[in-house]
Amino acid sequence: MATYENLLLDLQNGILTITINRADKLNALNIETIQEIRNAIQQVYDDSDIKAAIITGAGPKAFVAGADITEIAELSEVTARSFAERGQEVFAMIERSNKPVIAAVNGFALGGGCELAMACHMRVAAEHARFGQPEVNLGLIPGYGGTQRLTQLVGKGKAMELMMTADMIGAQEAQQLGLVNHVVPQEELITKSTEILEKIMGKAPLAIGLVIECVNAVFNNDENGYQTEANAFARCCTSEDFVEGTSAFIEKRKPAFTGN
């Protein structure tokens, strides 16, 4: 397992926990941290021992409280575009991972932190967690995909309101809006996230990855999601996991999936 300056990585029972470890900066995302997240997600893609991942923040206060404002303040139009595109690329890697990734939101998820959480496949929030896209307070807009993913998750009207007012919302309201899957006490955050992933990891890995691909196709205007689904269904039907799953069902036993 590689070592990082701003991340802590821990692999247990197939689940890689990625902790953004800048608690003194409320885990703000600087350029170096974004690159380290990219490298860590590449490990998720490449390492067959990793079956799923949790992304969380160090300390009790923040998941990620935003991007590093000192870096943003120095950007020109050209470098700002590159800055946004780099973050979008990394967050897209998370979204497209064929292994499930859960954001365990342990505090403030603001700006780039909210965008990071939304790039994950699911979000589990501590009761005191707070979400928001406050960029207009700085004369900015979200740049890491927030305008797109927040709209997808909560709808156009509410997304407009949250981004234009810069209001923060609590975990319970975020759950009501569909931004958060589960709200739990802080001490149960990782346990709940692990419980969900362990349940998923008991299913056919190929099918799980294809569910992710098909759901992502809903939001891709260049892709026919129904055709993507039909193709994925056909691929499943030719897999070893399909043979194993159907045989186990008929034989009334637990399937032993291999991901093939």
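Residues numbered from 1 in each chain as written. Predicted model: local features only at pLDDT ≥ 70, side-chain atom pairs only at ≥ 80, totals over all residues. Heavy atoms only, no water.

## Looking at the nonpolar core
If you look at the biggest cluster of nonpolar residues, it comprises 49 residues, and the most contacted ones within it are Ile55, Ile94 and Phe131. Once residues within four sequence positions are removed from consideration, Phe131 is found in contact with Val105, Ala109, Leu110, Cys114, Ala125, Asp167, Met168, Ile169, Ala171, Ala174, Leu179 and Val180. Ranked by size, the runner-up nonpolar core spans 13 residues in total, among them Ala52, Leu189, Ile196 and Leu197. (Core = buried A, V, L, I, M, F, W, Y, C linked by side-chain atoms within 4.5 Å. Buried < 20%, exposed > 50% of the residue type's maximum accessible area, 1.4 Å probe, protein only. Contact = heavy atoms within 4.5 Å.)

## Quick notes on the pairing of strand 5 (residues 101-105)
Burial within strand 5 is extensive, with 5 of its 5 residues counted as buried. In strand 5, alternate side chains face the same way, and those of Val101, Ala103 and Val105 on one face and Ile102 and Ala104 on the other are all buried. Pairing of strand 5 with strand 7 (residues 122-126), which is carried by 4 bridges, proceeds in the parallel orientation. Bridged to Ala104 within strand 7 is Val124. (Helix = DSSP H or I, 4+ residues; strand = E, 2+ residues; numbered from the N terminus. Pairing = 2+ DSSP bridges.)

## A closer look at the packing of aromatic side chains
Scanning all chains against the criterion turns up 2 aromatic pairs. Ring plane angle 75° and centroid distance 5.3 Å describe the contact between Phe91 and Tyr144, whose orientation is recorded as edge-to-face. Linking Phe91 in helix 3 (residues 77-96) with Tyr144 in the loop between strand 8 (130-132) and helix 5 (146-154), this pair joins segments that are 53 residues apart in sequence. Here Tyr144 falls in the buried class, since its relative accessible area comes to 4%. Taken together, the aromatic side chains of Phe83, Phe91 and Tyr144 make up a single cluster linked through ring pairs. (Phe/Tyr/Trp six-rings, centres within 6.5 Å; stacked < 30°, edge-to-face > 60°.)

## So, the pairing of strand 1 (residues 7-12)
When strand 1 meets strand 2 (residues 15-20), the two strands line up antiparallel, connected through 6 bridges. In the strand pairing of strand 2, Leu9 is matched with Ile18. The hairpin formed by strand 1 and strand 2 contains 2 residues between the paired strands, and Asn13 there has a positive phi angle of roughly 55°.

## As for the sheet that holds strand 1
Strand order in this open sheet of 6 strands is 1-2-3-5-7-10, and the pairing throughout is mixed. The two strands at the open ends of the sheet, each matched to only one other strand, are strand 1 and strand 10 (182-184). The sheet shows a mean angle of 20° between the axes of neighbouring strands, taken without regard to direction. Taken together, the 4 bridges between strand 3 (residues 52-57) and strand 5 define a ladder with parallel strand orientation. Bridge pairing in strand 5 links Ile55 to Ala103. (Axes fitted to C-alpha atoms, helices over the stretch in contact; angles between N-to-C directions.)

## Looking at a nonpolar patch on the surface
Taken together, the side chains of Val211, Val215, Val218 and Phe219 present a nonpolar region at the surface, about 370 Å² in accessible area. According to the relative accessible area criterion, Phe219 is partly exposed, its value standing at 44%. (Patch = residues over 30% accessible without salt bridge, like charges linked within 9 Å, V, L, I, M, F, W, Y side chains within 5 Å. Areas by Shrake-Rupley, 256 points an atom, 1.4 Å probe, with all protein chains shown as cover. Salt bridge = Lys/Arg side-chain N within 4 Å of Asp/Glu carboxyl O.)

## Focus on the domain arrangement of the protein chain
One frequently used descriptor of interface size is the decrease in accessible area upon assembly of the parts. As assigned here, the protein chain comprises domain 1 (7-200) and domain 2 (203-251). The centre of domain 1, based on its C-alpha atoms, is set 26 Å off from the matching centre of domain 2. Contact with domain 1, which involves 10 residues of that partner, is made by 6 residues of domain 2. Each partner contributes to the roughly 620 Å² buried at the junction of domain 1 and domain 2, and carbon and sulfur atoms together form 61% of this total. Per-residue buried area on domain 1 facing domain 2 is highest for Asn98, Gln152 and Ile200; these three make up 59% of the total on that side. Linking domain 1 with domain 2 are 0 salt bridges. For the interface between domain 1 and domain 2, the tally reads 2 residue pairs in polar contact (both at pLDDT 80 or more). When contributions to the side of domain 1 that touches domain 2 are tallied by element, the ones reaching two or more residues are helix 3 and helix 8 (189-201). A per-class count over the side of domain 1 that touches domain 2 returns 2 nonpolar, 4 polar and 4 charged. (Domains from an automatic or database assignment. Buried area = accessible area lost by both parts, 1.4 Å probe. Polar contact = N/O pair within 3.5 Å; in protein donor to acceptor, adjacent residues only side chain to side chain. Nonpolar A, V, L, I, M, F, W, Y, C, P; charged D, E, K, R; others polar.)

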